[in-house]
Amino acid sequence: LIVANDVSAPGVGFDHDTNAVTILGSGGSATEVPLRSKDAVAHAVLDRVVDLLSEPGRSDSAALGDPVPDEPPPDDRATKRTDP
C-alpha cells in the first residue's frame, strides 16, 4: 500500500488536525479518503490493511508485500569478496 496526500490542499498537512489521502493498492486500486480528522484517516488506512490481511489464501506478510516467511534469507556469501 501507498498512502499519498496533497500537502498543498487546504486543511491538509502538518499544520492541520485534518487530512485527506488516496490509498493506492498493488493491483492499481485507488481509494479516496476525503478531508477528515487525522484519527479518522488513520482508521481508514488500518481498515484497508485489515481487509488485505483477511483476504483468503494470503498470509500476513504476503498481503503486505513482504517476502514469504518460509523463504530463507538471501545468501550474501556470493557477493562478499574473500581474500586468500
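Bear in mind the structure is a predicted one, so any value in this text is a computation, not a measurement.

About the thresholds
Residues numbered from 1 in each chain as written. Predicted model: local features only at pLDDT ≥ 70, side-chain atom pairs only at ≥ 80, totals over all residues. Heavy atoms only, no water. Helix = DSSP H or I, 4+ residues; strand = E, 2+ residues; numbered from the N terminus. Buried < 20%, exposed > 50% of the residue type's maximum accessible area, 1.4 Å probe, protein only. Pairing = 2+ DSSP bridges. Axes fitted to C-alpha atoms, helices over the stretch in contact; angles between N-to-C directions. Contact = heavy atoms within 4.5 Å. Core = buried A, V, L, I, M, F, W, Y, C linked by side-chain atoms within 4.5 Å. Polar contact = N/O pair within 3.5 Å; in protein donor to acceptor, adjacent residues only side chain to side chain.

Novice: Hey, could you go over the overall build of the protein for me, with residue numbers and the actual values?
Specialist: The secondary structure content of the protein amounts to 2 helices and 3 strands. In the protein, the succession of helices and strands from N to C terminus is β-β-β-α-α. A buried classification covers 19% of the 84 residues belonging to the protein.

Novice: Before we move on, can you summarise the pairing of strand β2 (residues 18-24) with the specific residues and values?
Specialist: The pairing of strand β1 (residues 2-4) with β2 spans 3 bridges and is antiparallel. Pairing of V3 across the sheet is with I23, part of β2. Here 6 bridges tie β2 to strand β3 (residues 30-37), and the two strands are oriented antiparallel to one another. Bridge pairing in β3 places L24 opposite A30. Count of turn residues in the β2/β3 antiparallel hairpin: 5 residues, of which G28 carries a positive phi of about 95°.

Novice: Before we move on, can you summarise the sheet that holds β1 with the specific residues and values?
Specialist: If you trace the 3 strands from one edge of the open sheet to the other, you get β1-β2-β3, paired in antiparallel fashion. The open sheet is flanked by β1 and β3, the only strands paired with a single partner. Shown here is a sheet whose adjacent strand axes are inclined to one another by a mean of 25°, direction ignored. In this fold helix α1 (residues 38-53) packs onto β1, β2 and β3, with an angle of close to 155° to the strand it touches most, β3.

Novice: Just give me the short version of the nonpolar core, but keep the residues and values in it.
Specialist: Grouped together as the largest cluster of nonpolar side chains are 6 residues: V21, I23, V33, V41, A44 and V45. Residue assignment for this core shows that the elements contributing at least two residues are β2 and α1. For this core, the leading source of residues is α1, giving 3 residues. Sequence-distant contacts of V45, that is, excluding residues within four places in its chain, are made with V3 and I23.

Novice: Got a sec to walk through the side chain of T22? Specific residues and values, please.
Specialist: With respect to the secondary-structure elements, T22 resides in strand β2. At 3.0 Å, the side chain of T22 and the side chain of E32 are in polar contact. In this view, T22 contacts I2, V3, A4, A30, T31 and E32; residues no more than four positions away in its chain are not counted.

Novice: Provide a residue-level description of the side chain of N19, including the pertinent values.
Specialist: Position of N19 among the secondary structure elements: in strand β2. The exposure class assigned to N19 is buried, which follows from its relative accessible area of 12%. Polar contacts involving the side chain of N19 include one to the side chain of N5, which spans 3.1 Å. Sequence-distant contacts of N19, defined by excluding residues within four places in its chain, comprise N5, G11, V12, G13, P34, L35, R36, K38 and V41.

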